[in-house]
Amino acid sequence: MVKNRKSISKEAIVNAFLEYLKDHCYDAFHAKILHFVITHHDLIEEKFSGKRIGYTTVEDLDFKQVWIADTDEETISFDVLICPEIYGQVKLGHGDFETQSINSLWLVCSCTAKIGTKLFDLKIGPAEEYTTKFKSSKPLS
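Given the structure is predicted, the values throughout are model-derived calculations rather than measurements. (Residues numbered from 1 in each chain as written. Predicted model: local features only at pLDDT ≥ 70, side-chain atom pairs only at ≥ 80, totals over all residues. Heavy atoms only, no water.)

### Digging into the nonpolar core
Right, on to step 1. Ranked by size, the top nonpolar core spans 33 residues in total, and within it Leu-21, Phe-29, Ile-33, Phe-63, Phe-78, Val-80 and Leu-122 carry the most contacts.
Right, on to step 2. Contributing elements (two or more residues each) for this core: α1 (10–39), α2 (41–47), β1 (53–71), β2 (75–93), β4 (107–114) and β5 (123–129).
Right, on to step 3. Residue contributions to this core peak at nine residues, all from α1.
Right, on to step 4. Beyond its immediate stretch of four places on either side in the chain, Leu-21 contacts Tyr-26, Phe-29, Phe-63, Phe-78, Val-80 and Leu-119. (Core = buried A, V, L, I, M, F, W, Y, C linked by side-chain atoms within 4.5 Å. Buried < 20%, exposed > 50% of the residue type's maximum accessible area, 1.4 Å probe, protein only. Helix = DSSP H or I, 4+ residues; strand = E, 2+ residues; numbered from the N terminus. Contact = heavy atoms within 4.5 Å.)

### Remarks on α1
Right, on to step 1. In a regular helix each residue adds 1.5 Å, so 30 residues correspond to 44 Å; α1 covers only 35 Å between its end C-alpha atoms and thus falls short of that length.
Right, on to step 2. Where α1 bends most, at Cys-25, the angle is about 85°.
Right, on to step 3. All of the buried residues in α1 are Val-14, Leu-18, Leu-21, Cys-25, Tyr-26, Phe-29, His-30, Ile-33, Phe-36 and Val-37.
Right, on to step 4. Where α1 is buried, its residues touch α2, β1, β2, β4 and β5. (Expected span 1.5 Å × (residues − 1). Bend = angle between axes of the 7 residues up to and from the residue.)

### A word on the environment of Ile-44
Right, on to step 1. Its place among the elements puts Ile-44 in helix α2.
Right, on to step 2. The buried category is assigned to Ile-44, whose relative accessible area is 0%.
Right, on to step 3. Along the primary structure Ile-44 and Tyr-87 are separated by 43 residues, whereas in three dimensions their C-alpha atoms are 10.0 Å apart.
Right, on to step 4. If we skip the residues at most four places from it in the chain, Ile-44 touches Val-37, Thr-56, Ile-86 and Leu-105.

Dropping the structure here:
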C-alpha cells in the first residue's frame, strides 16, 4: 500500500503547463501575438472603442487556458488561450496622442510538439481571435 500519495488535480496540471509555456516559450508566443495585432489594425481600433490608433505594442501576455487538440505516440497538438495587454497611441486630435491599454482581446494559438523534447521543437501557428464558436476537442480542465 502506498502512503501519502497525493492526487494532482487537472487544474494543477493546466497551471503547471501554462507556467512552463510562459517560462520557456514566452518570446515565441509574443511574436505571434504581436504579428496578429499589427496585421489586424482595424480590429484593434474597434477594441479601443473605435478610436484611431497610431502605434500599438504588446506588453504582457496572460496565459489563460490550454486544450489538447490531438495526440499520438510521437506528437501532441494543443491550443493556448492568451489575453495580451495591448497599448496603443490614441489620436486625440490636433496632433495630440494619449497612450491607452486594453486587455479585452483573447487570442488562440494552435501548437504542435514532439512528446519528450521539452517543447524544444514547438511549432506555434498564427494567432486567431478567440470567439464563442471556438471549440477544442479535449480541454484539460
